[in-house]
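Okay, here's what each chain looks like letter by letter:
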Amino acid sequence: MTLHEYSIAPHSLDQRNNLDSLDPGELSFAETLRGAIDASGLTLERIRARLTERGSRVSLATLSNWQSGSRQPEQRRSIEAVRQLENVLELPMGRLSGRLGPPRPRGRQVAAEESAAPDEQWLDSSGLSALMTDADIAPQSGLRRISLHLRCHLDSGRAVHRISYRHVLRAERDGISHDLNLLELSPGTRRRPTLTSTHNCRLGRQSVSEEKHLMINELLFDSALRRGETVVLEYEIELYPEPGQPSDNSWTASFRLPIQEFLIEAQFGPGAVPVRCREVRRPFSDPTPTERPVRISESANTHAVMLGLRAGRYGLEWDWPEQHD
């Protein structure tokens, strides 16, 4: 998932006039919506609040996806929200709704390529939406995750103490300047994890919810991307397991959008090697997990390579001996 900063500065009258002077027939729904939001000077959070006041509940991620063009309103409830958006953004009736194209084709192949996690599953139920609001950051669409290489390092106490990341990302519009790392914390975590060893990025804002056991790290790129440009981000997060903390039995990553390649490794600590390990896949469209055994090497590490993944949760799980060695 990616984020962008809210813009709270009011836009000038010239920007509103420029929007009104455009021929709506020349613009797509997403282009019309982006222009209207820019001209209004409203944040996505404020737009969502005004829609809620009118009886239309739309998440920040949905609004962000609509304005990027990665998704379009198709359900009856969403189309009604678009009509309310025209009122909120002070647009003529039909300016947005009239730009909606035909529903996208359905089918197994299309679903595998374009499926996205339901917004309420990804944001609202997890508490992530409130956490982003507290940090004054919102979902940013237009950044496609091509691949992720994730390496988990476990200590002799059977706890993950360091995670290494390598992302390959591609901008699908101009001006993308940062990404988001969302980390689920172990209950009882006292010391905040730290982000280290960054490459092609630097740490921006952070937000932590002890109640939801979530932490957000904003990763600022060295420079904003143009449409079609790619960037490779590398960084590590150091965790600080508490003595006596329960053993970690898995590590997974969640993807709101499809991803071409996911490589996950686990390096186990001295004297703390599981008896078995397996690759686990849980696509959001079919949450029934599928599992495949993977081998633990003589060097006490294992890995899984997954290609062409739909939105979902994927990773490794393992079983410890009943007693410590």
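Our structure is the block above this text.
Quick notes on the rules
Residues numbered from 1 in each chain as written. Predicted model: local features only at pLDDT ≥ 70, side-chain atom pairs only at ≥ 80, totals over all residues. Heavy atoms only, no water. Axes fitted to C-alpha atoms, helices over the stretch in contact; angles between N-to-C directions. Helix = DSSP H or I, 4+ residues; strand = E, 2+ residues; numbered from the N terminus. Parallel < 35°, antiparallel > 145°, perpendicular 65-115°, else oblique. Left-handed = near helix turned anticlockwise from the far one by under 90°. Contact = heavy atoms within 4.5 Å. Nonpolar A, V, L, I, M, F, W, Y, C, P; charged D, E, K, R; others polar. Pairing = 2+ DSSP bridges. Expected span 1.5 Å × (residues − 1). Buried < 20%, exposed > 50% of the residue type's maximum accessible area, 1.4 Å probe, protein only.

Caption draft 1: Spotlight on the packing of helix 3 (residues 44-53) against helix 4 (residues 60-68). Direction vectors running N to C along helix 3 and helix 4 enclose 110°, while the axes themselves pass 10 Å from each other. Here helix 3 lies roughly perpendicular to helix 4, going by the angle between them. Once helix 3 is placed against helix 4, the crossing between them reads as right-handed. Residues Leu44, Glu45, Ile47, Arg48 and Leu51 of helix 3 form the contact with helix 4, whose participating residues are Leu60, Leu63, Ser64 and Gln67. Counted by class, the contact of helix 3 with helix 4 contains 5 nonpolar, 2 polar and 2 charged residues.

Caption draft 2: Looking closely at the sheet that holds strand 8 (residues 214-225). Taken in spatial order, the 3 strands line up as 5-8-7 in an open sheet, and their pairing is antiparallel. Pairing within the sheet leaves two strands with one partner each, and these edge strands are strand 5 (176-184) and strand 7 (201-209). Sheet twist, expressed as the mean angle between neighbouring strand axes with direction ignored, is 20°. Here 7 bridges tie strand 7 to strand 8, and the two strands are oriented antiparallel to one another. Its bridge partner being in strand 8, Leu203 is matched across the sheet by Leu219.

Caption draft 3: Up close: helix 2 (residues 29-40). The end-to-end C-alpha distance of helix 2 is 16 Å, a good match for the 16 Å that 12 residues give at a rise of 1.5 Å each. Listed as buried for helix 2 are Phe29, Ala30, Thr32, Leu33, Ala36, Ile37 and Ala39. At the exit of helix 2 stands Gly41, carrying a positive phi of roughly 75°.

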